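Structure at a glance
In case you want the letters, here they are:
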Amino acid sequence: MAAAEISVLDPPIAERALDQLASVLVDCVEGGASVGFMSPFSRDDGLAFFRKVSSSVASGDTVLLAARLDGKIVGTVQLGLDTPPNQPHRADVKKLLVHRSARGHGIGAALMAQVEEEARRLGRWLLVLDTVPGENGYRLYVRAGWTRSGIIPDYALFPDGRLCDTAVFWKRLTNR
């Protein structure tokens, strides 16, 4: 498999890109990922979510990255910049998603490396995120040098309604 092309999606985000992003999200929810949504989750639900994200990108509150293979979006991650005035140095990493058909090829790691570069570029040097312990994302963040602060039990639900814990991670970026 060829290396994924990682890019920032600038506003306005094309409808075709929104549709492909929605497909990735639907696949992740159907695969059981605890990413904020419950089953059943439709393409229309995914489009509605990414239209909201698109508005946040347009307002400057979010940086949206996409991973493409052969021109098609197969992964995404967001950098949330909408922090309180006393946290101008911090950002939230949100919704790292990789389509199940594209997993195991370094796309998640490539997205995370690029989101860290975007954070540096914007002067954000402290990143935070949360994820389900033991899942793919958790293992990726540990490999990428993130520090786990702790686990919150019964924090959220998997799409099928089962409770899941969340692990809170942080990473202080160095200048490159």
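The coordinates are above.
Reading the values: the criteria
- Residues numbered from 1 in each chain as written.
- Predicted model: local features only at pLDDT ≥ 70, side-chain atom pairs only at ≥ 80, totals over all residues.
- Heavy atoms only, no water.
- Helix = DSSP H or I, 4+ residues; strand = E, 2+ residues; numbered from the N terminus.
- Rg over C-alpha atoms; globule rule 2.2 N^0.38 Å.
- Buried < 20%, exposed > 50% of the residue type's maximum accessible area, 1.4 Å probe, protein only.
- Contact = heavy atoms within 4.5 Å.
- Areas by Shrake-Rupley, 256 points an atom, 1.4 Å probe, with all protein chains shown as cover.
- Lys, Arg positive; Asp, Glu negative; His and termini not counted.
- Charge placed at Lys NZ, Arg CZ, Asp CG, Glu CD.
- 1 Å grid on protein atoms, 1.4 Å probe; cavity = no way out; pocket = protein on both sides within 12 Å on 5 of 7 lines; lining within 4 Å.
- Points joined across faces, edges and corners; volume = space filled by probe spheres on them.
- Nonpolar A, V, L, I, M, F, W, Y, C, P; charged D, E, K, R; others polar.
- Patch = residues over 30% accessible without salt bridge, like charges linked within 9 Å, V, L, I, M, F, W, Y side chains within 5 Å.
- Salt bridge = Lys/Arg side-chain N within 4 Å of Asp/Glu carboxyl O.

Bringing the overall build of the protein into the picture now. Across its full length, the protein carries 4 helices and 7 strands. Counting from the amino terminus, helix and strand elements in the protein follow one another as β-α-α-β-β-β-α-β-α-β-β. Relative to the 2.2 N^0.38 estimate, which gives 16 Å for 176 residues, the radius of gyration of the protein is 15 Å and therefore close to what a compact globule would have. Expressed along its principal axes, the backbone C-alpha trace of the protein runs to roughly 40 × 35 × 35 Å. The burial tally for the protein puts 45% of its 176 residues in the buried class. Within the protein, contacts between residues at least 6 apart in sequence are counted, and of these 62% link residues at least 24 apart. Here the protein has roughly 9000 Å² of accessible surface; of this, 50% comes from carbon and sulfur atoms. Of the charged side chains in the protein, 21 are positive and 20 negative; the average position of the first set lies 4 Å away from that of the second.

Remark: the empty space left among the atoms is shown by a probe the size of a water molecule rolled over them. The computed volume of the largest pocket comes to approximately 940 Å³. Lining the largest pocket are 39 residues, and of these V35, L96, T131, G137 and Y141 lie nearest its centre. Where the lining of the largest pocket is concerned, the elements lending two or more residues are β4 (90-98), α3 (107-121), β5 (126-131), α4 (136-143), β6 (147-157) and β7 (163-172). For the lining of the largest pocket, the element with the most residues is β4, which contributes 6 residues. The residue makeup of the lining of the largest pocket, split by class, is 18 nonpolar, 13 polar and 8 charged.

Further remarks concern a nonpolar patch on the surface. Taken together, the side chains of M38, L157 and L163 define a hydrophobic patch exposed on the protein surface, amounting to about 260 Å² of accessible area. Within the secondary structure, L163 is located in strand β7.

Limitation: the analysis is restricted to geometry and does not speak to function.
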